[in-house]
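Chains, contacts and geometry: an overview
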Amino acid sequence: MKILIAEDDPIFKAILENNLKKWGYQVTSTSDGRQAWDIISKPGCPNLVISDWMMPEMDGLQLCRNMRAQAAPRYIYFILLTAKGEQQDILQGLEAGVDDYLTKPIDYMELKYRIHIGERIIRLEEKVLELARKDSLTDTLNRRAFMEKLDEELERAARNKVPLSLLMTDIDHFKQVNDQYGHIAGDRVLKQFVAQMAKIIRPYDFIGRYGGEEFILCLPDCSISQGRDIAERMRSKIETTAMHISQSRPPIHITSSFGVSSFTSTNEQTAESLIKNADDALYSAKNKGRNCVRMAQP
């Protein structure tokens, strides 16, 4: 857990910082609200802010208002410290978006457990956000989350002038699995299908469910020929793996088809064109008899 301190009293700030570090937190300290706002405005900012009310440049309430007004990717818990203890002061702080409030001189053990409350709220939000990004059946990224991450990887690939490959795949004749064995068995096959692909990809590759039995994989720092080789390993692994559909029925075997497209510094495709090319290559694999890998045409 990262914590940002915004406090203009150097002695109080040093004591606060020492206590937080002793409790195991990563601490960044600033002397006024303007410096704190500069840190909060950047990606990867701390999850929790402990701020004095009265500070030069920008006070704690304005800092909190600015923070709440920005479209932050995640929630930042805000604890306000001040000598003001009247009810109207507390209401003013809460109205500005403050989560918690401590009056000076503070009790450090009370602060410690109020930080624990903030941690629980932050962890809960992270869990909810993670669930919102995942496909509930296969635990892969859902389509929206995959597209967001793909856009980030394409920006990085363009900036660093490195390739990126995209794989589109689905199970051949999957409708027959559902029709013959039922949708519960089909769901089990989908989960095992993804599990076999996950054994082959690298830690920084990622899989998304594009729709139905169709999945999409992003392979950063991977040329189209490397992407083809990885897809071929997956295709072979899936073809030879027995898929368990129930305890009372024997395992079945399935096959899959793959389409591969690639981003390079020379073609600089968009996410949409990259997906279309991979999808076209997958369509070509289906037309070639299925259970094969096809690369997108240059």
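An account of the accompanying structure is given in this report. Owing to the predicted nature of the structure, the values given are computational and were not obtained by experimental measurement. (Residues numbered from 1 in each chain as written. Predicted model: local features only at pLDDT ≥ 70, side-chain atom pairs only at ≥ 80, totals over all residues. Heavy atoms only, no water.)

Moving on, we come to the side chain of D172. Considering the arrangement of structural elements, one finds D172 in the loop between β6 (164-171) and α7 (174-181). One polar contact links D172 to S257, side chain to side chain, over a distance of 2.7 Å. Among all residues touching D172, those that are not within four sequence positions of it are T255, S256, S257, K286, R290 and N291. (Helix = DSSP H or I, 4+ residues; strand = E, 2+ residues; numbered from the N terminus. Polar contact = N/O pair within 3.5 Å; in protein donor to acceptor, adjacent residues only side chain to side chain. Contact = heavy atoms within 4.5 Å.)

To continue, consider the environment of G212. By the element assignment, G212 lies in the loop between β7 (206-211) and β8 (214-220). Judged by its relative accessible area of 42%, G212 falls in the partly exposed class. When the C-alpha positions of G212 and S51 are compared, they lie 48 Å apart, and in sequence the two are 161 residues distant. (Buried < 20%, exposed > 50% of the residue type's maximum accessible area, 1.4 Å probe, protein only.)

Turning our attention to the nonpolar core. Burial of nonpolar side chains together is a common tendency in soluble globular proteins. Counting 28 residues, the largest nonpolar core has V189, M197, M234 and I254 as its most contacted members. Mapped onto this core, the elements with two or more residues apiece are β6, α7, α8 (183-198), β8, α9 (224-240) and β9 (256-263). When residues in this core are grouped by element, the largest group, 6 residues, is from α8. Discounting chain neighbours no more than four positions away, the residues touching I254 are I171, V177, V189, F193, I238, E239 and M243. (Core = buried A, V, L, I, M, F, W, Y, C linked by side-chain atoms within 4.5 Å.)

Once that is clear, we can look at a negative patch on the surface. A cluster of like negative charges, contributed by D151, E152, E155 and E272, occupies part of the molecular surface. Looking at the negative patch element by element, the count peaks at 3 residues for helix α6 (residues 143-160). Among the structural elements, E152 can be located in helix α6. (Patch = residues over 30% accessible without salt bridge, like charges linked within 9 Å, V, L, I, M, F, W, Y side chains within 5 Å. Areas by Shrake-Rupley, 256 points an atom, 1.4 Å probe, with all protein chains shown as cover. Salt bridge = Lys/Arg side-chain N within 4 Å of Asp/Glu carboxyl O. Lys, Arg positive; Asp, Glu negative; His and termini not counted. Charge placed at Lys NZ, Arg CZ, Asp CG, Glu CD.)

We now examine the pattern of salt bridges. Following the criterion strictly, the structure yields 22 salt bridges and no others. Across the pair E126 and R123 runs a salt bridge, and its minimum N-O distance is 3.3 Å. Placement of both E126 and R123 in helix α5 (residues 108-133) is noted, with a separation of 3 residues, approximately one turn of the helix. Accessibility expressed as a relative area gives 31% for E126, which makes it partly exposed. Put simply, R133 and E148 hold a salt bridge, and the shortest N to O gap is 3.4 Å. Here R133 is found in helix α5, whereas its partner E148 is found in helix α6, with 15 residues between them in sequence. Since its relative accessible area comes to 28%, R133 is described here as partly exposed. According to the relative accessible area criterion, E148 is partly exposed, its value standing at 37%. By sharing partners, the salt bridges in this structure join E7, D52 and K104 into a single network.

On to the packing of aromatic side chains. In this structure the tally under the stated criterion is 2 aromatic pairs. Residues F146 and F206 carry aromatic rings whose centres are separated by 5.2 Å and whose planes lie at 55 degrees to one another, so their mutual orientation is tilted. One end of the pair, F146, is in helix α6; the other, F206, is in strand β7, and 60 residues separate them in sequence. Exposure remark for F146: the relative accessible area of 1% places this residue in the buried category. The ring of F12 carries the charged tip of K104 above its face, separated from the ring centre by 4.7 Å. (Phe/Tyr/Trp six-rings, centres within 6.5 Å; stacked < 30°, edge-to-face > 60°. Lys NZ or Arg CZ within 6 Å of the ring centre and 35° of its normal.)

In this section: the pairing of strand β4 (residues 77-82). When you tally the buried positions in β4, you get 6 out of 6 residues, the bulk of the element. Alternating residues of β4 divide into Y77, I79 and L81 and F78, L80 and T82, and every residue in both groups is buried. Note that strand β3 (residues 48-52) and β4 share 5 bridges and pair parallel. Paired with I50 across the bridge in β4 is I79. Bridge count for β4 against strand β5 (residues 100-103) is 4 bridges, and the pairing is parallel. Bridge pairing in β5 places T82 opposite T103. (Pairing = 2+ DSSP bridges.)

In this section: the packing of helix α2 (residues 33-40) against helix α3 (residues 60-69). Think of two packed helices as two axes; the pair is described by the angle between the axes and how far apart they sit. Where α2 meets α3, the closest approach of the two axes is 9 Å, and the angle between their N-to-C directions is 15 degrees. As far as their axial angle goes, α3 and α2 are roughly parallel. The interaxial crossing formed by α2 with α3 has right-handed handedness. Touching G33, A36, W37 and I40 of α2 are L63, N66 and M67, all from α3. When the residues that make up the contact of α2 with α3 are grouped by side-chain class, the tally is 5 nonpolar, 2 polar and no charged. (Axes fitted to C-alpha atoms, helices over the stretch in contact; angles between N-to-C directions. Parallel < 35°, antiparallel > 145°, perpendicular 65-115°, else oblique. Left-handed = near helix turned anticlockwise from the far one by under 90°. Nonpolar A, V, L, I, M, F, W, Y, C, P; charged D, E, K, R; others polar.)

Glancing now at the sheet that holds strand β2 (residues 26-30). Taken together, 5 strands build an open sheet; the order of strands is β2-β1-β3-β4-β5 and the sheet is parallel. A strand with exactly one partner marks an edge of an open sheet, and here the two such strands are β2 and β5. The mean angle between the axes of side-by-side strands here comes to 20 degrees, regardless of whether they run parallel or antiparallel.

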